[in-house]
Structure formats: structure tokens, C-alpha cells
Amino acid sequence: MSEKQKATSALNSVLQTTEAALAFLADPTQSADPSIGASTLSLLHQDFISLLSLIYASTTRLALVLKPSSPSYTAALEPLKELSQRVASLPHCVRLLQTDNGKTLAAEAYTIARDVLEALGSLIQTFSHHQTGAVHDIIENARGSSGFSGNNLVAVGKVWRSNQDSLQDSLDEVRELMEKAENPEADAEDEFDDGWDELGLPSSVKPSAAELETIKKVRTNISLHY
């Protein structure tokens, strides 16, 4: 078997491992490797970030040795072997994080791992620098200061702030729609696409004064409670 054939076989092996890892994550009946002992959340968090960092390093090495202009198939074998091992370990680490550490933190770990594995699968199939960058971006975000949460309380706060931002955006849209409706001199372009259909009101029919007052009250109540 030539070195190129060996590298191709190793790439296929990584792809199969990646697909198996994704299937493991998606199946809630799958348990973590029983040989992996219980650990504290702090250590599990550290292990998770370490695995992501090792995957980052392996993909970087592969990008360097498998450059389309001058690929070195022999040099690719070791990082491919390492990558396969690290990918296989990732879902087990996630499953341990999903055990008694809070649902929101568990969901965050799952999402990060899934996104990394999906990007890695695309990388192995196409092996472009663009896909390498996609894997790196996900991992860099997870390792950043606002990346993977240290505990469930932090994870919940992150989701809450995200929901707050979405709610504020919606409130701003309602305010803008109300201002347009209250302005009888709005130009024809604004009237053509005034946005009221998003609230269940026909765009061709302006809300009545009573409807506007109701919308104002709803907006005020939401603002006060959130």
C-alpha cells in the first residue's frame, strides 16, 4: 500500500470515528465508557477544553502536511491517528458532563461537541483550508472568555442574556412599527411593507387607536417584567 493510500485509509477512519461520535451524542441511551471514573466538574471542564485544544492542534498539523500543492502523506499518518483517538474520547467526556451537572451546561457541551464534529466531518471529506478554519473558529469560541461555561449557573445566565437580547430586539421592532402607524405622513415605501403582518394584522389595514393602545400596554408589561 502506498503512503497516499495509507493516508486515505486513515482519513476514512477518522471520518467513520467522527460519524460514530455524532451518533453516540445523538443517542441518549448511550453511556460514558465505564472505565472512565467519576470526576469533579472542574476536572471534566478541563478535560473537555483540553480535548478540543488537542483536536485543534491535530487539524492544524494536518492542514500543514496535507497542503494541496505539496502533500506529505507519511507525515499525515500520526496526526490522523491522534485525531481519531481524540474524536472518540469527546462524546464520552460530554456524557460525563451531562451527568448531574445541570441540564443547561449539558446542552451547551453537547452543542459545542456536535458543532466541532460536524465541522470536522466536512473537513475530512473536502480537506479545504476553509473547513479547517471552521473547526478552529468553533474551538476558539469554546475556549474564549465567554466560551464554554464553568458551571450550570453560568450557562443558565448566558441563555437568559441571549433570550433578553432577542426579546429586546422584538420590543424595538414593535416600537418602530407603532411609530410608523402613529405617523400619518409615512412615505409610500414604509406603507408598502410596514411589518404589521408579523403581528397578525393585515399590512394593508392600519391598526385602530384601540389596537395601538393594547399593543402599547403589552409592550410596557413585557418591558417591566423582563
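The sections below set out a description of the structure shown in this document. Keep in mind that this is a model prediction, so the values were computed, not measured.

Structural notes on the overall build of the protein chain
Okay, step 1: Looking only at helices and strands, the protein chain has 8 helices and 0 strands in total.
Okay, step 2: Reading the protein chain from its N terminus to its C terminus gives the helix and strand order α-α-α-α-α-α-α-α.
Okay, step 3: Residue burial in the protein chain is summarised as follows: out of 226 residues, 36% are buried.
Okay, step 4: Counting contacts in the protein chain only where the partners sit at least 6 residues apart, residues at least 24 apart contribute 72% of the total.

Points about the pattern of salt bridges
Okay, step 1: By the definition in use, this model includes 5 salt bridges.
Okay, step 2: Across the pair Arg114 and Asp115 runs a salt bridge, and its minimum N-O distance is 3.1 Å.
Okay, step 3: Judged by its relative accessible area of 27%, Arg114 falls in the partly exposed class.
Okay, step 4: Each of the salt bridges in this network shares a partner with another, and the network as a whole consists of Arg61, Glu82 and Arg86.

Description of the packing of aromatic side chains
For any pair of aromatic rings, the description rests on two quantities: the centre-to-centre distance and the angle between the ring planes.
Okay, step 1: Under the counting rule described, the total for this entry stands at 1 aromatic pair.
Okay, step 2: Arranged with centres 4.8 Å apart and planes meeting at 55°, the rings of Phe48 and Phe148 form a pair that is tilted. With Phe48 in helix 2 (residues 41–65) and Phe148 in the loop between helix 5 (129–143) and helix 6 (152–182), the pair connects residues that are 100 residues apart, well separated along the chain.
Okay, step 3: Its relative accessible area of 6% is what places Phe148 among the buried residues.
Okay, step 4: One cation-aromatic arrangement involves Arg143 over Tyr56; the distance from NZ or CZ to the ring centre is 4.6 Å.

Here's the deal with unusual backbone geometry
Okay, step 1: Positive phi outside glycine occurs at Asp100, with the angle close to 60°.
Okay, step 2: We classify Asp100 as exposed; its relative accessible area is 75%.

Re helix 1 (residues 3–26)
Okay, step 1: Between the first and last C-alpha of helix 1 there are 35 Å, a value that for 24 residues agrees with the 34 Å anticipated at 1.5 Å per step.
Okay, step 2: Those residues of helix 1 hidden inside the fold are in contact with helix 3 (73–97) and helix 4 (103–126).

Some points on the nonpolar core
Taken as a class, soluble globular proteins show a tendency for nonpolar side chains to be buried jointly.
Okay, step 1: In terms of nonpolar packing, the biggest core is built from 42 residues, with Phe48, Leu52, Leu62, Leu83, Leu90 and Phe148 touching the most fellow members.
Okay, step 2: Where this core is concerned, the elements lending two or more residues are helix 1, helix 2, helix 3, helix 4 and helix 5.
Okay, step 3: Counting residues per element, this core draws most heavily on helix 4, which supplies 10 residues.

Here we look at the packing of helix 4 against helix 5
Okay, step 1: Contact geometry of helix 4 with helix 5 gives a least axis separation of 8 Å together with a crossing angle of 165°. Considering the angle they form, helix 4 stands roughly antiparallel to helix 5. The way helix 4 lies across helix 5 gives a crossing that is left-handed. Facing Ile112, Asp115, Val116, Ala119, Leu120, Ser122, Leu123 and Thr126 of helix 4, the residues of helix 5 in contact are Gln131, Thr132, Ala134, Val135, Ile138, Ile139 and Ala142.
Okay, step 2: Residue classes in the contact of helix 4 with helix 5 are distributed as 10 nonpolar, 4 polar and 1 charged.

A word on the side chain of Glu82
Okay, step 1: As for its placement among the helices and strands, Glu82 is situated in helix 3.
Okay, step 2: Looking at Glu82, the relative accessible area reads 17%, which means it is buried.
Okay, step 3: Separated by 3.0 Å, the side chains of Glu82 and Arg61 make a polar contact.

Notes on the environment of Leu80
Okay, step 1: Topologically, Leu80 is positioned in helix 3.
Okay, step 2: Sequence-wise, Leu80 and Ser13 are 67 residues apart; in three dimensions their C-alpha atoms are separated by 8.6 Å.
Okay, step 3: In this view, Leu80 contacts Ala7, Ala10, Leu11, Val14 and Leu62; residues no more than four positions away in its chain are not counted.

Definitions and cut-offs
- Residues numbered from 1 in each chain as written.
- Predicted model: local features only at pLDDT ≥ 70, side-chain atom pairs only at ≥ 80, totals over all residues.
- Heavy atoms only, no water.
- Helix = DSSP H or I, 4+ residues; strand = E, 2+ residues; numbered from the N terminus.
- Buried < 20%, exposed > 50% of the residue type's maximum accessible area, 1.4 Å probe, protein only.
- Contact = heavy atoms within 4.5 Å.
- Salt bridge = Lys/Arg side-chain N within 4 Å of Asp/Glu carboxyl O.
- Phe/Tyr/Trp six-rings, centres within 6.5 Å; stacked < 30°, edge-to-face > 60°.
- Lys NZ or Arg CZ within 6 Å of the ring centre and 35° of its normal.
- Expected span 1.5 Å × (residues − 1).
- Core = buried A, V, L, I, M, F, W, Y, C linked by side-chain atoms within 4.5 Å.
- Axes fitted to C-alpha atoms, helices over the stretch in contact; angles between N-to-C directions.
- Parallel < 35°, antiparallel > 145°, perpendicular 65-115°, else oblique.
- Left-handed = near helix turned anticlockwise from the far one by under 90°.
- Nonpolar A, V, L, I, M, F, W, Y, C, P; charged D, E, K, R; others polar.
- Polar contact = N/O pair within 3.5 Å; in protein donor to acceptor, adjacent residues only side chain to side chain.

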